[in-house]
Amino acid sequence: MKKFALALFLALCLPAASLALPLTSADIAKMVQDCPTLEEYRGAEPAVIWSRKQLYTQDPQGRAVKSTSYVILCGATARLGWLQDQLVAPNGGHIELEQAAIFDPGTAKLLHDLSYDRDELAEHGRLIVNFPKMDDVYVLVLSYRQVFAEPNVMEDIAWLGSEYPTWEGSVQIRIAKEQALDWESSTNAIPTIDVDETFRRYGWFYFKQPANRGMRGMLESSDPYVVFSLATGPATAVAMMHDLEERRWPDLPAKYVVGEGSSRDDVLKSIEKFWRSADRLPGRGTWRSARMIPAGGPWTTWESMYLLASWLQKQGWKAEVWFQHVLPQDRESISCAPALTHPVFLLGEPGAKKSWYYVPGQPGEPSKLPVSLRGKTLYAAGAKKLRRHSVGGTRLEKNRLSIAWDLDVDADCIVSGTVDIRVRNSWVETCESLADGRKDQIYSLFPGLEGWIDLDGDLDISPLGSQGFKLVLPVRARSGIEGQQGLMIGLPSIAPGPMMRLLDVGSSAVLKYPFVVEQSYRVQLPKGYRSMGAPLKMEQGSMVSSYTSQYRINQRKNQLEGEEKLIQSSMRVDVPYLDGFKRVIETWGTWKTTSLALMPAGRSK
């Protein structure tokens, strides 16, 4: 594990940590003074989490209780669906709302106490809070408790990152003095430990955690977490898998079954149709007791995997569910079923001898190894222990993200055409949120698309052999002005979100993989106009990376052609090379500040 490069620190207390629930106007007034505004994030964030606390304790029966609280400064465009995904009762347990309220940051006054669906909570273990649509900046306070079923079992993975940047946060655990906690932090941070006559308390406190916005970071430390448990070994993970395998799952709803649902193509299309629907909840690491799952859905991601496996088996297929885990697993490993991630299928067609892995939501060739599994270790339930399979890796230099714009400009300043985005090898895992079918994640992964595309239709995603997938989107926008001398046209430019997050690196860093990003343009100019010139050739380099861009005017075709390319050749970026590394990334985006000047063809300059 590597040191957390983004100001993780330890402390016995933080200003917001002392606030007691429910929060009052006086608490909000103090936080308004102590915490940053949205403007301090250069307008790039529609929300900032002022405080996020995760507290684990035990009730008198020894059952684990997780208390979670958020205080979020939200702009009018802030999305809160990611919060809703977390509000699910644990298997055999229940969830309780402590506070859900909206405050005015200007006056600190309470505006609304938010309601929730009491029937859905009682019957299906989902806490559906009615988040309002606000026209101005507001403060959201949300706190809830999840009570687990098994006594003397306390294990979880506490993720430190969230959809929006976190100003300050904490993970705190309180257990009986005689109990022992096994833990591991992805940042190697050592917790504070306080022991009195009754309890043993552990605390991790962090500050200025960048947003993850549903995407996997490109640094080894991008997705920090703390894993902990009172036990070791695979028993709870194996028990979870067996429990879900042995349940009596309903058939896949008929509306998702393509054709007769028997051929391989029909089966895979049925899986994809269901996977991208609203009947699959995207929250990770969540499963409920059988009695709380509604017969007609929706189902959590893990529940969805076992429902699909059951349906496949009824069609005569072999279907097993395998997982990755954030930690290597053996009989001495920390026991933590919630730290299983990224479920995949091991499939075998009826009568076939060979089986193959399939990742729902990830386009690929059937029977070919999904690119996101290369170099990974997978686990499935055995009788009493986990079965294990290590998958071979891929050549690092093939980690390529390619963006190609094919555009036409007309005399009314309308720019239209397509953008072809090709995601290869390790980039597939970084862009995995597209597999959740959450279209809003496109703007986080590929900033610069806003205003250029229409997301009302289905996404056109198709496989690139065994390398990855491509996404083709129609483009249309009015982007320019007409002046006395001609037209000034603004062209679109994507700045990949995961790559731009690397600008937040503050010290030595290790990337998950070296990579190439390239963005090319073919722009057909309007009839009767010609370009006044193309951008000059640009080069920028550092000891670990390089950037080049080159554009030209094809006079015969009356087209602008060209591309920019960034190559990150080293996985390690040490402090002496950090400034150069950032300069190369900051150079990206020829058209983010440049316009294309056009003049009537018969006019001289």
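In this text, all values refer to a predicted model and were calculated from it rather than measured experimentally.

Looking at the overall build of the protein chain
Next, step 1: The number of helices and strands found in the protein chain is ten helices and 32 strands.
Next, step 2: For the protein chain, the C-alpha radius of gyration of 26 Å lies close to 25 Å, the compact-globule estimate for 605 residues.
Next, step 3: Each principal axis of the C-alpha distribution contributes one length, and for the protein chain these read about 85 × 65 × 50 Å.
Next, step 4: Every one of the 605 residues in the protein chain was classed for burial, and the buried ones make up 55%.
Next, step 5: Total accessible area computed for the protein chain in this model is approximately 26500 Å², and 50% of it derives from carbon and sulfur atoms.
Next, step 6: The protein chain carries 70 positive and 70 negative side-chain charges, and their two centres are separated by 6 Å.

Overview of the pairing of strand E11 (residues 225-229)
Next, step 1: Burial within E11 is extensive, with five of its five residues counted as buried.
Next, step 2: By the alternation rule, side chains of E11 split into Tyr 225, Val 227 and Ser 229 and Val 226 and Phe 228, which are all buried.
Next, step 3: Taken together, the five bridges between strand E6 (residues 155-159) and E11 define a ladder with antiparallel strand orientation. What sits directly across from Ala 158, in E11, is Val 226.
Next, step 4: Bridge count between strand E8 (residues 182-185) and E11: four bridges; the pairing is antiparallel. Looking across to E11, one finds that Glu 184 is bridged to Val 227.

What to know about the packing of helix H5 (residues 264-275) against helix H6 (residues 301-314)
The description of two helices packed together rests on the angle between their axes and the distance between the axes.
Next, step 1: Running from N to C, H5 and H6 cross one another at 155°; their axes reach a closest spacing of 12 Å. Taken together, the axis directions place H5 and H6 in an arrangement best described as roughly antiparallel. Seen from above, H5 lies across H6 with right-handed handedness. Contacts from Val 267, Ser 270, Ile 271, Phe 274 and Trp 275 in H5 reach Thr 301, Ser 304, Met 305, Leu 308, Trp 311 and Leu 312 in H6.
Next, step 2: A class-by-class count of the residues in the contact of H5 with H6 yields eight nonpolar, three polar and no charged.

Remarks on the pattern of salt bridges
Next, step 1: Taken as a whole and judged by the stated rule, the model has 24 salt bridges.
Next, step 2: A salt bridge links Arg 288 to Glu 303; the nearest nitrogen and oxygen atoms lie 2.8 Å apart. Of this pair, Arg 288 sits in the loop between strand E12 (280-281) and strand E13 (299-300) while Glu 303 sits in helix H6; the two residues are 15 residues apart in sequence, bridging distant segments of the chain. Accessibility assignment for this pair places Arg 288 and Glu 303 in one class, buried.
Next, step 3: It is possible to trace a salt-bridge network through shared partners that takes in Glu 96, Glu 98 and Arg 145.

Examining H6
Next, step 1: The first and last C-alpha atoms of H6 sit 20 Å apart over 14 residues, in line with the 20 Å expected at 1.5 Å per residue.
Next, step 2: Burial runs high along H6: twelve of the 14 residues are buried.
Next, step 3: Among all positions in H6, only Thr 301, Trp 302, Glu 303, Ser 304, Met 305, Tyr 306, Leu 307, Leu 308, Ala 309, Ser 310, Trp 311 and Leu 312 are buried.
Next, step 4: Along its buried surface, H6 packs onto helix H4 (235-246), H5, E12, E13, strand E14 (318-325) and strand E15 (340-348).

A short note on the sheet that holds E6
Next, step 1: Ordered in space as E6-E11-E8, the three strands form an open sheet in which the pairing is antiparallel. The open sheet has two edge strands with one neighbour each: E6 and E8. Neighbour-to-neighbour, the strand axes of the sheet open up by a mean angle of 10°, direction not taken into account.

Focus: the packing of aromatic side chains
The description of an aromatic ring pair uses the distance of the two centres, along with the angle that the planes make with each other.
Next, step 1: According to the stated counting rule, one finds 21 aromatic pairs in the structure shown.
Next, step 2: Look at Trp 183 and Trp 204: their rings are 5.4 Å apart centre to centre, the planes differ by 75°, and that puts the pair in the edge-to-face class. In this pair, Trp 183 sits in strand E8 while Trp 204 sits in strand E10 (residues 199-209), placing the two residues 21 residues apart along the sequence.
Next, step 3: You can call Trp 183 partly exposed: its relative accessible area is 27%.
Next, step 4: Taking relative accessible area as the criterion, Trp 204 reaches 2% and is therefore assigned buried.
Next, step 5: Aromatic side chains Tyr 256 and Phe 274 sit 5.5 Å apart centroid to centroid with 70° between the ring planes, which places their arrangement in the edge-to-face category. Taken together, the residues span a long stretch of sequence, with Tyr 256 in the loop between H4 and H5 and Phe 274 in helix H5 at a distance of 18 residues.

Observations regarding the sheet that holds strand E21 (residues 460-464)
Next, step 1: Strand order in the open sheet formed by eight strands is E21-E22-E20-E19-E26-E30-E29-E28, and the pairing between neighbours is mixed. Edge positions in the open sheet fall to E21 and strand E28 (538-541), since each of these has one partner strand only. Strand after strand, the sheet turns through a mean of 15° between neighbouring axes, direction not considered.
Next, step 2: Direction of pairing for strand E29 (residues 545-554) relative to strand E30 (residues 559-568): antiparallel, over a ladder of ten bridges. When the bridges of E30 are listed, Ile 553 appears paired with Leu 560.

Quick look at the nonpolar core
Next, step 1: Formed by 61 residues in total, the largest nonpolar core has its most connected members in Ile 421, Phe 446, Leu 449 and Phe 515.
Next, step 2: Not counting the four nearest positions on each side in its chain, Leu 449 is found in contact with Trp 405, Val 419, Ile 421, Ile 442, Tyr 443, Leu 473 and Ile 494.
Next, step 3: Ranked by size, the runner-up nonpolar core spans 37 residues in total, among them Met 240, Val 321, Leu 340 and Ala 381.

Things to note about unusual backbone geometry
Residues other than glycine predominantly adopt negative phi, and peptide bonds predominantly adopt the trans conformation.
Next, step 1: The step from Gly 297 to Pro 298 runs through a cis peptide bond, and the omega angle for that step is 5°.
Next, step 2: Unlike most non-glycine residues, Asn 152 shows phi in positive territory, near 60°.
Next, step 3: The exposure class assigned to Asn 152 is exposed, which follows from its relative accessible area of 53%.
Next, step 4: Its identity is not glycine, yet Lys 208 carries a phi of approximately 55°, on the positive side.
Next, step 5: Looking at the secondary structure, you find Lys 208 in strand E10.
Next, step 6: The exposure class of Lys 208 is partly exposed, given its relative accessible area of 44%.

Considering the side chain of Lys 376
Next, step 1: When you line up the elements, Lys 376 lands in the loop between strand E16 (356-358) and strand E17 (377-381).
Next, step 2: In contact with Lys 376, other than residues within four places in its own chain, are Gln 324, His 389, Ser 390, Val 391 and Glu 429.

About the criteria used
Residues numbered from 1 in each chain as written. Predicted model: local features only at pLDDT ≥ 70, side-chain atom pairs only at ≥ 80, totals over all residues. Heavy atoms only, no water. Helix = DSSP H or I, 4+ residues; strand = E, 2+ residues; numbered from the N terminus. Rg over C-alpha atoms; globule rule 2.2 N^0.38 Å. Buried < 20%, exposed > 50% of the residue type's maximum accessible area, 1.4 Å probe, protein only. Areas by Shrake-Rupley, 256 points an atom, 1.4 Å probe, with all protein chains shown as cover. Lys, Arg positive; Asp, Glu negative; His and termini not counted. Charge placed at Lys NZ, Arg CZ, Asp CG, Glu CD. Pairing = 2+ DSSP bridges. Axes fitted to C-alpha atoms, helices over the stretch in contact; angles between N-to-C directions. Parallel < 35°, antiparallel > 145°, perpendicular 65-115°, else oblique. Left-handed = near helix turned anticlockwise from the far one by under 90°. Contact = heavy atoms within 4.5 Å. Nonpolar A, V, L, I, M, F, W, Y, C, P; charged D, E, K, R; others polar. Salt bridge = Lys/Arg side-chain N within 4 Å of Asp/Glu carboxyl O. Expected span 1.5 Å × (residues − 1). Phe/Tyr/Trp six-rings, centres within 6.5 Å; stacked < 30°, edge-to-face > 60°. Core = buried A, V, L, I, M, F, W, Y, C linked by side-chain atoms within 4.5 Å.

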